[in-house]
Structure formats: structure tokens, C-alpha cells
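Chain by chain, the residues run as shown.
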Amino acid sequence: MTKIIFIGRDGTRYELDAENGSTVMETAIKSGVPGIEAECGGACACATCHVYVDEAWADKTGVPEPMEEDMLDFAYDVRPTSRLSCQIRVSDDLDGLTVSVPEKQA
Amino acid sequence: MTSDLFETDVVIIGAGPVGLFAVFELGLLDLNCHLIDILDKPGGQCAELYPEKPIYDIPAWPVISGEGLVDKLMEQIKPFDAQFHLGEMVTELERTGENGFIVRTDAGTGIKAKVVVVAAGGGSFQPKRPPIAGIEDYEGSSVFYSVRRMEDFRGHNLLIAGGGDSALDWTLNLQPLAKSMTLVHRRPEFRAAPDSVNKMEALRDAGDLTFQLGQVMSLTGTGGQLEAAIVKTPDGEIEVPCTRLLPFFGLTMKLGPVADWGLNLHENLIPVDTEKFQTSEPGIFAIGDINTYPGKLKLILSGFHESALMAQAAKRIVHPDQRIVFQYTTSSSSLQKKLGVR
Ligand SMILES: Cc1cc2nc3c(=O)[nH]c(=O)nc-3n(C[C@H](O)[C@H](O)[C@H](O)COP(=O)(O)OP(=O)(O)OC[C@H]3O[C@@H](n4cnc5c(N)ncnc54)[C@H](O)[C@@H]3O)c2cc1C
Ligand code: FES
């Protein structure tokens, strides 16, 4: 099991077990992390699963594909570490990955 | 504004995949259709939200893109020559006398029909409100999500936000009228036709408009009159003076006028029976994502099945005197004649 840590809007820490091969978004939805909406169900078509990846993990999670970059245009307060969490796949490499939930979703 | 009045057998509200396939099933039973959609193209969610993404659960299509499916449906229904009213929102649905309805759109179109099929999916597509603090206070006075009349923007300090075709097109169209024009987008790349991007860059280089890298975070002004937008740029927050803001952040689905037609609703869905997919109002059917019944799955597949059964019931309403003979398209010469293959 891989651990993914979500920091909620109010600072609450959610330390969740994630299944390798699933996505960071699915991990959040399963446990109902507030602020991850994922309206399109992970199809990279809504930008409501936006997160900020902790700086220390940015290299490991990589950069968004052009399709994700396009969708990020619809997100609020996009920063250099912004990602759509449905596009980050969980693997052993990401054990301990920390992401925070933005103030608002699109 | 037009005020055309049409008359047909069946009017279909929503030209998503399910509304399109309904044309086929109704057509086989000799029923003519008009379709209305607020989008400027057929295909609903498939066309607007995921044209390039693969769908894997359409029977006999191991994989097909959203757009591919819409193209195939359009080809399949071509023989039936349905009339499309695109870019129009159905606002009113009324019963006229004993056996008929009239449907009206925001563009003034009226259509009389004996049967109404609501295939409105997740509701009508409407511009998304960007999560900018306090934007509601300026909507309708200084902030607009579409351009009805270009003249309304003449002489204004205009700010356009977004990086897609709508943002670029309106930047180019309104720039000659505006007192000043600023386009704000969070990155130098656009999701728009390269030709529009080139034109915008030429205007920028000539000093006729400003391109600002950044994101609108909040607005300032008084009494709904916009004075400036606070834009977060790579070098910190700046204030961009403007009197009109046009944000283009894509479309989202809202139930919209469907709620006003006197139909029973359950959590924004229309309950139907599973024999005819008829609503609480005889003669009004609901198929696809907009309906609900025990066991409902919001899949394209389910909507196709619902279309077939609905069509049988619609036929009985439009042609009560005609007997319905069950036929296969494979072997029926009369069906094949309708399809133009015989
Ligand atoms: C990202 C994504 C992936 C999906 N993947 C699959 C999949 O793999 N398989 C699958 O089976 N399904 C999938 N779906 C679901 C599928 O797209 C829907 O089930 C399908 O689009 C429903 O079709 P519909 O015709 O009922 O409604 P829609 O496609 O929602 O179309 C309804 C249309 O009605 C119009 N409308 C509504 N109200 C009005 C009005 N008052 N006036 C004018 N027009 C109006 C809307 O503008 C819209 O165009 C997916 C959906 C999404 C978002
Ligand atoms: S869930 Fe919609 S973009 Fe990620």
C-alpha cells in the first residue's frame, strides 16, 4: 500500500492508503476528502480535482500532459505545482506523496 | 429575433447522443422530428466535453471517440432529414388543447408537435462562472459570459479572460470597438485556432491590445460597475483597470428551464415509467441522462434502448389509427426504403 497525504483547506491532514494503479483523485474520493469534487469522474474534462503537489514531490509526479495543461486553464489559482489529481497515477514511487487542496474548485 | 412557427410530429429537446438516436427510432416509424440544442453543434456531452476521448462500451464498437460516435449517429439518421435548431435554448413547453404541445426557444422559434421528447441530459450547457471572488455582484452589469450585441461593448475598457477559441475570437472581434483591450490568460499557450492566436499576437505587437500573463483573482468597483480586476501575474498581483469583463472558462451543465415545465422532478431528474419512458405528463417523454427510474444507469447504451421503446409509444399517439408491425431492418423492405438502401 502506498500512502498519500492530503492537506485540506482548513489544514486537516488526511493520510490515506492508496492502491497502486489507481489515481490520486480516486484515493481522495473514496475517503471523501473535502474539496476534491471530480465531477467528470477522472476523464480530465472538468478541472474539479485540482491539487497543489508538495514542492518536494514535484519531480516524482512529473509534468502535466498537454491535455491536462489545457484543462488546468479552467482551474482557480493555478500555480507551478498545480496538477489535476485524476491524472496522477499511484505507484510505489509516490509513497508519502503530499498534496494540498486549493481554496476553490472550478 | 425570428418568430418562425414550425409544425412536426415530434420535437426533441436536446441533441445529445440519445436525442440523435431517437430520430432514428422515430424515423423508422414514419415520425418526423425537430431537434433543439443550445450548443451550436449536435452531440451533447460527447461533442462538448470529450470529443477526443475514447468510449469503450458502445456495443460493437470496441473503441470510438466522442466525436466519432456523434459523426456515426449523424450518418445513421441522415435518411430521416430531421430539422436542427442549434444555438437555441428551449424556454417554454406548453400544452395546446387536447393533443399537442408548443415549444418555444429564446431565439423566438416556436414548434408545434404532438409529442415532446426531453433528451436534455444533464441540462443545458451554460457558460461556467469562474471562481473569482465577488463576481456575482457584477454579472449582467459589467461581467458577461456571452456577447449578444457587440455594440454594447463599444468604448469600454475591455478585459477578456481565457485561452480558448471563444476568448480569442471575441478579443479579435471586439478589439476594434473597445477603448482598450486586454486579454488575460495564465500561460503563453492557447487552446485556440493558430490563425486567431497569430492575429492576436500581431495586434499585441502593434500596440493595439495588451496580453497579460496571469489569472483574475478578484474584482473592484461599486454598485455593479467594474473598475478594475486584480490579476495574479508571475511577478505578483497587479490591478488592470477595466469596465467590462468577459470570462470564457468553458461550459457546464445546468438543469435550466426543464425545471419550469410542470414535470415531476426527483433530484433534478425526470421520473419515467420503464415501458414507454413517459413523464408525469402524457405525451411528454424523457430519455437519456435526464430521466430516472429504478435501476437507471447514466450510459449512452441505456439511452439508446429508451429511445426505441419511447418511439413505439410516440407512434401510438401521433398515428393512433395505424397498427404497429414489428420489423427487422435486416429484412423489411419497407424499413429499408425509409433508410434509402432499397
Ligand atoms: C467525460 C465523460 C466521459 C463519459 N464516458 C462515457 C462512456 O464511456 N460510456 C457511456 O455510456 N457514457 C459516458 N459518459 C456519459 C454520456 O456522455 C452521457 O450518458 C450521454 O451524453 C447522455 O446523452 P444525452 O443525449 O441523454 O444527454 P447529453 O449528452 O447531456 O445532451 C443533452 C443536450 O441537451 C441540451 N439541452 C438541455 N436542456 C436544453 C434546453 N432547455 N434547450 C436546449 N438544449 C438543451 C444540452 O445542451 C445538451 O447538448 C461520459 C460522460 C462524460 C462527461
Ligand atoms: S476529475 Fe475531472 S479533471 Fe480530474
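Rules and cut-offs
- Numbers given to residues run from 1 along each chain, matching the order in which its sequence is written.
- Chains carry letters and ligands carry numbers; both start at the beginning, A for chains and 1 for ligands, and go up in the order they are written.
- pLDDT decides what is reported in this predicted model: residues at 70 or higher carry local features, side-chain atom pairs at 80 or more are listed and counted, and totals for whole chains, interfaces and linings draw on all residues regardless.
- Heavy atoms throughout the structure, all of them, feed into the side-chain values; hydrogens and water do not.
- pLDDT measures how confident the predictor is about each residue, on a scale from 0 to 100.
- Put simply, DSSP marks the helices as runs of H or I at least four residues long and the strands as runs of E at least two long, and each gets a number from the N terminus on.
- Three exposure classes are used, based on accessible area relative to the maximum for each residue type with a 1.4 Å probe and protein chains only: buried under 20%, partly exposed in between, and exposed over 50%.
- Pairs of residues are marked as contacts when any of their non-hydrogen atoms sit within 4.5 Å.
- Here a salt bridge means any side-chain nitrogen of Lys or Arg lying within 4 Å of a carboxyl oxygen belonging to Asp or Glu.
- For this analysis, a polar contact is any N or O atom pair within 3.5 Å, provided that within protein one partner can donate a hydrogen and the other can accept it, and provided that sequence-adjacent residues contribute only side-chain to side-chain pairs.
- Being near a molecule or strand, for a residue, means having at least one of its heavy atoms within 4 Å of it.
- Accessible areas in this description were obtained via Shrake-Rupley with a 1.4 Å probe; residue shielding takes into account the shown protein chains only.
- All residues other than Ala, Val, Leu, Ile, Met, Phe, Trp, Tyr, Cys, Pro, Asp, Glu, Lys and Arg, Gly among them, are scored as polar; the first ten of these are nonpolar and the last four charged.

Quick notes on the confidence of the model for chain A
- With 100% of its residues at a pLDDT of at least 70, chain A reaches an overall mean of 94.
- The lowest-confidence element of chain A is helix α3 (residues 66-72) of chain A, averaging 92 in pLDDT; the highest-confidence one is strand β3 (residues 50-53) of chain A, averaging 98.

Regarding the confidence of the model for chain B
- In the predicted model, chain B carries a mean pLDDT of 95, and the fraction of residues at 70 or more is 99%.
- As scored by the predictor, the complex reaches a pTM of 0.85 and an ipTM of 0.86.

Things to note about unusual backbone geometry
Residue and element names in this part refer to chain A.
- With a phi angle near 55°, cysteine 44 is a residue other than glycine that sits in the positive phi range.
- Mapped onto the secondary structure, cysteine 44 falls in the loop between α1 (24-31) and β3.
- For cysteine 44, a relative accessible area of 3% corresponds to the buried category.
- In the Ramachandran plot, aspartate 77 falls in the positive-phi region, its phi being about 50° despite a non-glycine side chain.
- Here aspartate 77 shows up in the loop between α3 and β4 (82-84).

Remarks on the environment of Val258(B)
Residues and elements named next belong to chain B.
- Checked against the element boundaries, valine 258 lands in the loop between β17 (251-254) and β18 (270-271).
- Residue valine 258 is classed as buried on the basis of its relative accessible area of 5%.
- Separated by 136 residues in the primary sequence, valine 258 and glycine 122 have C-alpha atoms spaced 10 Å apart.
- Not counting the four nearest positions on each side in its chain, valine 258 is found in contact with Ala120, Ile270 and Ile290.

Observations concerning the pattern of salt bridges
- Across all of its chains, the model carries 22 salt bridges over all chains by this definition.
- With a closest N to O distance of 3.9 Å, Lys30(A) and Glu19(A) form a salt bridge. Placement of the pair is Lys30(A) in helix α1 and Glu19(A) in the loop between β2 (13-18) and α1, with a sequence separation of 11 residues.
- The exposure class of Lys30(A) is exposed, given its relative accessible area of 68%.
- Several salt bridges share partner residues, and in doing so they unite Glu69(A), Asp70(A), Asp73(A), Arg186(B), Arg187(B) and Arg191(B) into one network.

Focus on the side chain of Lys296(B)
Residues and elements named next belong to chain B.
- Position of lysine 296 among the secondary structure elements: in the loop between β20 (291-292) and α6 (300-318).
- Judged by its relative accessible area of 17%, lysine 296 is buried.
- Within polar-contact distance, the side chain of lysine 296 engages the backbone oxygen of glycine 288 at 2.9 Å.
- A distance of 3.0 Å separates polar atoms of two side chains, one belonging to lysine 296 and the other to asparagine 291.
- Not counting residues up to four positions away in its chain, the partners in contact with lysine 296 are Gly288, Asp289, Asn291, Ser302 and Glu306.

Here we look at helix α4 (residues 165-174) of chain B
- Of the residues making up α4(B), those classed as buried are Ala167(B), Leu168(B), Thr171(B), Leu172(B) and Leu174(B).
- Residues of α4(B) that are buried make contact with β10 (157-161), β11 (180-185), α5 (194-205) and β16 (244-247) of chain B.

Some remarks on the site of ligand 1
Residue and element names in this part refer to chain B.
- Close contacts around ligand 1 come from 32 residues, with Asp37, Gln45, Tyr50, Asp57 and Asp289 the closest.
- Aspartate 37 has a polar side-chain atom sitting 2.7 Å from an oxygen atom of ligand 1.
- Residue tyrosine 50 places a side-chain N or O atom 2.6 Å away from an oxygen atom belonging to ligand 1.
- Protein contact buries 91% of the 1,000 Å² of open area that ligand 1 shows by itself.
- For the shell around ligand 1, the secondary-structure elements that each account for two or more residues are α1 (17-28), β2 (33-37), α2 (44-48) and β9 (124-127).
- In the shell around ligand 1, the residues fall into 17 nonpolar, 10 polar and 5 charged.

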